[in-house]
Amino acid sequence: MNKAFRLLLVLIAVGIATWGFSYTYIWYFRYTKEDRAMTNLTAEELVRFPEEKRLQIKEIKKLRSRIINLGLDLQGGIYMVLEPDYQELKKRHGSSLTPDELKDAMRRVMEILRNRIDKFGVSEPSIRTQGEDRIVVELPGSKDPNRARNIVMGRGLLEFRLVDEETTAKLTRDMFDDTGTLIDRSIIPENSELLYLWVKNRFDILERQRAVVVYKEVLLEGGAIKRAQVQTDQFGKPEVTFELSTDGAKQFASITGANVGKRLAIILDNKILSMPSIRERIPSGRVRITGDFTMKDAQDQALVLRAGAFPVPLQIAEQRVVGPSLGEDSIQAGIKAAIIGSALVILFMLVYYKLAGIIANIALVLNIYLLLGILAWLNFTLTLPGIAGMILTVGMSVDANVIIFERIKEELRSGKTLSAAVQSGYEKAFRTILDANMTTLIATFVLSQFGSGPIKGFAVTLSVGIVINMFTSIFVTRLLFTMGIDAFRVKKLSI
Amino acid sequence: MKNIKILHIRKFTYTLSAVIILAGAVNIAVNRGLKMGIDFAGGNIVQVQLADSNITIGDVRDVLIGTGYGNNVQKIDDPVKNQFILKTLARERDNDKIIAEITDALYRKFGRDAVVIEKADIVGPRISKYLLRSSYIIGVVALVLILLYTTFRFKFRFGVTAIIALIHDVLIVLSFISFFSKEMDTFILAAVLTIIGYSLNDTIVVFDRVRENLKSSKAYEEYIKTVNRSINQSLSRTVITSLTTLLAVLSLFIFGGNTMKDFAFALIVGIIAGTYSSIFIASALVVDWHRWRPEKMKKI
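Residues numbered from 1 in each chain as written. Chains lettered and ligands numbered in written order. Predicted model: local features only at pLDDT ≥ 70, side-chain atom pairs only at ≥ 80, totals over all residues.

If you tally the helices and strands in chain A, you get 15 helices and 15 strands. Over its C-alpha trace chain A gives a radius of gyration of 32 Å, far above what one expects of a compact globule, namely 23 Å for 495 residues. Overall, the C-alpha framework of chain A stretches about 105 × 50 × 40 Å when taken along its three principal axes. Each of the 495 residues in chain A was classed as buried or not, and the buried ones make up 41%. Sequence separation of 24 or more characterises 71% of the internal contacts of chain A that already satisfy a separation of 6 or more. (Helix = DSSP H or I, 4+ residues; strand = E, 2+ residues; numbered from the N terminus. Rg over C-alpha atoms; globule rule 2.2 N^0.38 Å. Buried ≥ 20, exposed ≤ 12 C-beta atoms within 10 Å, placed from the backbone. Contact = placed C-beta atoms within 7 Å.)

Dropping the structure here:
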């Protein structure tokens, strides 16, 4: 291969990396925080913006798919693995689900989750299935783990709001069209809204029953509910009881105290599921809902209070929550370790190999640069272990050059001229370098097949780093050597 | 070039390795296995940062005891922040409620604004079993592939000794994890697999030299001397590479934050063990094997 061709190849690689990384650069350094935040807007929220702005946001969103994203551990956020609660399932149905039923149920769960999470408005939420019965939910950048958990598990969308009795009483059948939509919306006061009461029919499907006007103000969220269950009173009639957290109990005491006699709507996903009347002030946080319902109704109600309305009860099988400040700390620490580690290695190479060290260091910097470029191409998610993989790449990447330089030194000692020593040094070292890197590649490749996210990040960065390293340390440094020797007519090299 | 008589002290280096590994094995046995982190044992973790630096580990432990979920609290070693890790066993279900109750109790005791939840992890029993099982599979697959590669790459003797050196390194890492009461988790697994790759890498470089040098019949006659010379020839490379890798990993250990500390620790031990074994153990074994059953020259 002639030199010009080699040089061209290196330049092409640098060009591709620059192109790949440019999006990431623009995203993190050219766009403001506000610009970036706009990509989190939901479709509903976007409607409010003028056409021009929307196109701009679309552009930014497109860019997003070509950058190195920060993992949950670096920007904070939530990773959750959900699975059916088989114990509860058995209790409710008496038997386990057939594979088909399970498949169907999981599909519906996915739909519900998608709807809920779309409304949550975090950057790049992701929901995917894993295996037969697991769902992985990732909410990067989510600031409040409890709220996110409540929304995913359904309790965050469960709300207690007062019924606007006055307006509800005014509603008559002729105010609605055939589809049940209110024709003249002006009768609904500013601080209220029209919702519908949904009741399960005999096929166990929720059916819209009648319109009810409720106040917009949310008095209490479902997250305040600690547990809910079905009990029977002294006459054997089923009743639903639930217990509130300490904060929730306080709130509930003042709500009920101020609104005795009124009805409290229990609302899930904007559907009113029941509207019990408040009989008296409830100070203890222990609440009883009585009424004329069957055992099945009561169980459904308790379930909704407990976990929202999934077709199968879900449990959190795995959860990793990283607070935003820890994420921020991790980035700082990771960058610091990477910079100091690289600086130490570069300094060492410079001191030990002098001029040749400069060449190795150019290769090292190029190695990191190409690595970042390729990771950006892969739309890679950078995690803390990923940064660790980079740091390890830095430490190990000079190895190939060390092998080569030591060989060149030996060849020089045996009396060869510089360019002959360089040539045979590279040739003799090549096989060793290839072999030595192969073993680490085998280990990291196997590791990258490991399901767990962070470990994968480590393995992928290290693998890509090693491959690039072989290119830079063998190909690029040799080019630099020969070019340098030719250009400056070097006869002696400090190595 | 200096020629250090490395192989002359092999009785000492064998003994040193044996003592460390034996002590590690005893330590692991006494502690009934390695300490497992929540990845493999299951469990719940709340990592909390408290604004008030006067709050002690005892105060936090009292809060945890108050919730009825045990008393496992650790203080994170940090010069500025007052941070604690609260840990409970995992239940079959409702682990999120355990976490909620613990955070609730912390809020109540120390005030909502003075408590920052840094981390809240759950690993349920099914997941931990799954992670443990896939770790075994990953470990076995990696070992088999590396064995295959080694047999394909080396002649039988060199392959076997390379593998012994590799197992030696892994055992040393595990011993040190046990000595320092670190917990096994997926990170440590990643470190161990990396070490396997790294250690073999070091050994290969030395063995390549040995084989190259053994090709002349005069060198073959002086088997030990030749092997010793080969170690010396690759010595500077072995040491320098370990040094640069150690510099990088040390900076990860010191500056990389708490999450990566144990991972970096395992790597540091592994790199040192790997370097040590490729200089003092692997080639020494080749020499002793040759003394026991001389290898025919053409086979090398």
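A few words now on the interface of chain A and chain B. Listed per partner, the contact involves 61 residues of chain A and 57 residues of chain B. For the side of chain A that touches chain B, the secondary-structure elements that each account for two or more residues are strand 2 (77-84), helix 8 (145-153), strand 14 (314-322), helix 12 (324-377), helix 13 (384-413), helix 14 (418-448) and helix 15 (453-488) of chain A. The element best represented in the side of chain A that touches chain B is helix 12 of chain A, accounting for 14 residues. Looking at side-chain class alone, the side of chain A that touches chain B contains 32 nonpolar, 19 polar and 10 charged residues. Note: strand 14 of chain A against strand 4 (residues 115-123) of chain B, five bridges, orientation antiparallel. Bridged to E318 of chain A within strand 4 of chain B is V123 of chain B. (Nonpolar A, V, L, I, M, F, W, Y, C, P; charged D, E, K, R; others polar. Pairing = 2+ DSSP bridges.)

With antiparallel pairing, eight strands are arranged side by side in an open sheet as 3(A)-4(A)-2(A)-14(A)-4(B)-1(B)-3(B)-2(B). A single partner strand is all that each edge strand has here, and the edge strands are strand 3 (126-130) of chain A together with strand 2 (72-75) of chain B. Between one strand axis and the next, the sheet turns by 20° as a mean value, whatever way the strands run. Summarising the sheet, strand 1 (residues 43-50) of chain B and strand 4 of chain B pair through eight bridges and their orientation is antiparallel. Bridged to Q49 of chain B within strand 4 of chain B is V116 of chain B. Here helix 12 of chain A sits on the sheet and contacts strand 14 of chain A together with strand 4 of chain B; the angle it forms with strand 4 of chain B, its principal contact strand, is near 85°. The strands touched by helix 5 (residues 125-153) of chain B within the sheet are strand 2 and strand 14 of chain A together with strand 4 of chain B, with strand 14 of chain A carrying the most contacts at an inclination of about 70°. (Axes fitted to C-alpha atoms, helices over the stretch in contact; angles between N-to-C directions.)

Next up on the list: the pairing of strand 14 of chain A. The two faces of the sheet receive side chains in turn, since in a regular strand these alternate between them. All names here are of chain A. Within strand 14, nine of the nine residues are buried, which leaves the element mostly enclosed by the surrounding structure. Here strand 2 pairs with strand 14 via eight bridges, running antiparallel. Across the sheet, residue G77 finds its bridge partner in strand 14, namely V322.

Residue and element names in this part refer to chain B. Interaxial distance between helix 1 (residues 10-30) and helix 6 (residues 156-179) falls to 8 Å at its minimum, and their mutual angle equals 50°. With respect to helix 6, the axis of helix 1 lies oblique. The two elements helix 1 and helix 6 meet at a crossing, and its hand is left-handed. Across the interface between the two elements, S17, I20, I21, A23, G24, N27 and I28 of helix 1 pack against H168, L171, I172, L174, S175, S178 and F179 of helix 6. Residues belonging to the contact of helix 1 with helix 6 are distributed by class as follows: eight nonpolar, six polar and no charged. (Parallel < 35°, antiparallel > 145°, perpendicular 65-115°, else oblique. Left-handed = near helix turned anticlockwise from the far one by under 90°.)

Under the domain assignment, chain A is made up of domain 1 (3-21 + 323-488), domain 2 (31-67) and domain 3 (78-321). Each of domain 1 of chain A and domain 2 of chain A was reduced to a C-alpha centroid, and the two centroids are 37 Å apart. (Domains from an automatic or database assignment.)

All names here are of chain A. The antiparallel open sheet is built from three strands, whose spatial order is 9-10-13. Both edges of this open sheet fall to strand 9 (225-232) and strand 13 (286-289), since each of them pairs with a single strand only. For this sheet, the mean inter-axis angle between neighbouring strands, taken without regard to orientation, is 20°. The pairing of strand 9 with strand 10 (residues 238-244) spans seven bridges and is antiparallel. What sits directly across from R227, in strand 10, is E243.

This paragraph deals with the packing of helix 14 of chain A against helix 5 of chain B. Interhelical geometry of helix 14 of chain A versus helix 5 of chain B gives an angle of 160° and a closest axis separation of 9 Å. Taken as axis vectors, helix 14 of chain A and helix 5 of chain B run roughly antiparallel relative to one another. Seen from above, helix 14 of chain A lies across helix 5 of chain B with right-handed handedness. On the side of helix 14 of chain A, the interface is formed by D435, M438, T439, I442, A443, V446 and L447 of chain A, while helix 5 of chain B contributes I138, V141, A142, L145, I146, Y149 and R153 of chain B.

Turning next to the confidence of the model for chain A. Summarising the model, chain A shows a mean pLDDT of 82, and 92% of its residues fall at 70 or more. Across chain A, the element-wise mean pLDDT spans from 65 in helix 3 (residues 43-46) of chain A up to 91 in helix 12 of chain A. (pLDDT = per-residue confidence, 0-100.)

Here we take up helix 6 of chain B. The end-to-end C-alpha distance of helix 6 of chain B, which contains 24 residues, comes to 34 Å, matching closely the 34 Å that a straight helix rising 1.5 Å per residue would cover. Backbone geometry just after helix 6 of chain B places S181 of chain B at a positive phi near 50°. (Expected span 1.5 Å × (residues − 1).)

For chain B, the assigned domains are domain 1 (7-35 + 128-299) and domain 2 (43-123). Relative placement of domain 1 of chain B and domain 2 of chain B: their C-alpha centres are 40 Å apart.

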